[in-house]
Amino acid sequence: MNDPILVSSALDEETARAEVYGLLAALFYAPPSPDLLAQLRVAVTEAPAAGGFLEEPWRQFVGTVRELTDAEVVAEYNALFGGVGKPELYLFGSWYLSGFLNEKPLAALRGDLAALGLARDESMNETEDHFACVCEVMRYLIAGDDVEVANLTQQQKFFSAHVQSWAPALCEAIAAHPRARFYAALAAFTAAFISVETQGFDLMV
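Residues numbered from 1 in each chain as written. Predicted model: local features only at pLDDT ≥ 70, side-chain atom pairs only at ≥ 80, totals over all residues. Heavy atoms only, no water.

**Q** Teacher, can you tell me more about the environment of Pro32 here?
**A** Among the secondary structure elements, Pro32 is positioned in the loop between helix 1 (4–29) and helix 2 (34–41). Sequence separation between Pro32 and Val73 is 41 residues; the distance between their C-alpha atoms is 7.7 Å. Among all residues touching Pro32, those that are not within four sequence positions of it are Leu27, Leu37, Val73, Val74, Phe182 and Tyr183. (Helix = DSSP H or I, 4+ residues; strand = E, 2+ residues; numbered from the N terminus. Contact = heavy atoms within 4.5 Å.)

**Q** What exactly am I supposed to notice about the pattern of salt bridges here?
**A** Here the idea is simple: oppositely charged side chains can pair when their charged atoms come close. Across all of its chains, the model carries 7 salt bridges by this definition. Among the salt bridges present, the one from Glu128 reaches Arg110, with a minimum N-O distance of 2.9 Å. Pair noted here: Glu128 is in the loop between helix 6 (104–115) and helix 7 (131–143) and Arg110 is in helix 6, with a separation of 18 residues, a long-range link. A salt bridge links Glu136 to Arg139, with the shortest nitrogen-to-oxygen separation between them at 2.7 Å. One end of the pair, Glu136, and the other, Arg139, are both in helix 7, 3 residues apart, so they sit about a helical turn from each other. A relative accessible area of 33% means that Glu136 is categorised as partly exposed. Here Arg139 falls in the partly exposed class, since its relative accessible area comes to 29%. (Salt bridge = Lys/Arg side-chain N within 4 Å of Asp/Glu carboxyl O. Buried < 20%, exposed > 50% of the residue type's maximum accessible area, 1.4 Å probe, protein only.)

**Q** Is there a simple way to think about the packing of aromatic side chains in this case?
**A** Geometrically, a pair of aromatic rings is defined through the distance of the ring centres and the angle of the planes. On inspection of all chains with the given rule, the structure shows 15 aromatic pairs. Summarising the aromatic geometry, the rings of Phe81 and Tyr183 are spaced 5.2 Å apart at their centres and angled 85° between planes, so their arrangement reads as edge-to-face. Within this pair, whereas Phe81 is found in helix 4 (residues 70–81), its partner Tyr183 is found in helix 10 (residues 182–202), the two being separated by 102 residues in sequence. Accessibility assignment for this pair places Phe81 and Tyr183 in one class, buried. (Phe/Tyr/Trp six-rings, centres within 6.5 Å; stacked < 30°, edge-to-face > 60°.)

**Q** Is there a simple way to explain helix 6 in this structure?
**A** Owing to its 3.6 residues per turn, the α-helix brings residues three or four apart onto one side. The terminal C-alpha atoms of helix 6, which comprises 12 residues, lie 17 Å apart, in line with the 16 Å expected from a rise of 1.5 Å per residue. Residues of helix 6 that are buried: Pro105, Leu106, Leu109 and Leu113. Along helix 6, the residues classed as buried sweep out an arc of 100° about the axis, all on the same side. Every exposed residue of helix 6 that faces more than 90 degrees away from the buried side is listed here: Lys104, Ala107, Ala114 and Ala115. For helix 6, the secondary structure elements touched by its buried residues are helix 5 (93–98), helix 7 and helix 8 (152–162). At the C-terminal side of helix 6, Gly117 shows a positive phi close to 80°. (Expected span 1.5 Å × (residues − 1). Arc of directions from axis to C-beta.)

**Q** When you look at the confidence of the model for the protein chain in this model, what are you seeing that I'm missing?
**A** Should the pLDDT be low somewhere, the predicted coordinates at that spot are not to be read in detail. Considering every residue of the protein chain, the mean pLDDT works out to 90; 90% of them sit at 70 or more. For the protein chain, the element scoring lowest by mean pLDDT is helix 1, at 78; helix 9 (residues 167–176) scores highest, at 98. Ignoring residues within four places in sequence, the model shows residues 1–9, a span with pLDDT below 50, making 1 contact including any to other chains. (pLDDT = per-residue confidence, 0-100.)

**Q** Please explain the nonpolar core as it appears in this structure.
**A** What tends to happen in soluble globular proteins is that the nonpolar side chains get buried as a cluster. By size, the foremost hydrophobic cluster in this structure holds 56 residues, and its most contacted members are Phe158, Ile174 and Phe182. The leading source of residues in this core is helix 10, at 11 residues. When sequence neighbours within four positions are dropped, the list of residues in contact with Ile174 reads Phe28, Phe81, Leu89, Leu91, Ala180, Tyr183, Ala184 and Ala187. (Core = buried A, V, L, I, M, F, W, Y, C linked by side-chain atoms within 4.5 Å.)

As structure tokens, then:
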């Protein structure tokens, strides 16, 4: 019989992983709402997922949120990722993998999503290779009820092909941008989280 303490710990870790992916999806998809920013400002500054490696970048991120107003965060998002024409920074995997938007990496992602029985929500403005979208897929692969799809094997395959392959380059680009404060701190936390995920999946090989 499984030790209930160990089972509970494992379930807690999986819940935490899913919640981090969900948070990243929300923060990268659009400027965060006042409610979300208010929650972040009062967040505990221990790591939101198991592993002390995340504690410092999480603490730095929460500290940065506390230093900025809602309006400053929204303005930063729009300055970096929005605007008319070419944005300062792209949030799309195809750009980092091929140097162009809507290229072969997006087609490959769509094929993998179809194999998982997943499809783009028609109400969503962005293509499937937007960083927020791949984070949301990872959240589903961790927390979903369909064990044929939501399992560690599928997580590892999707993460390797569609997150690990380009998310570190995205984080580096954001962190290096002179106008990034909120998103530079978020990028540092994201990079640390991706590193922890990479190490965890490497142990499966």
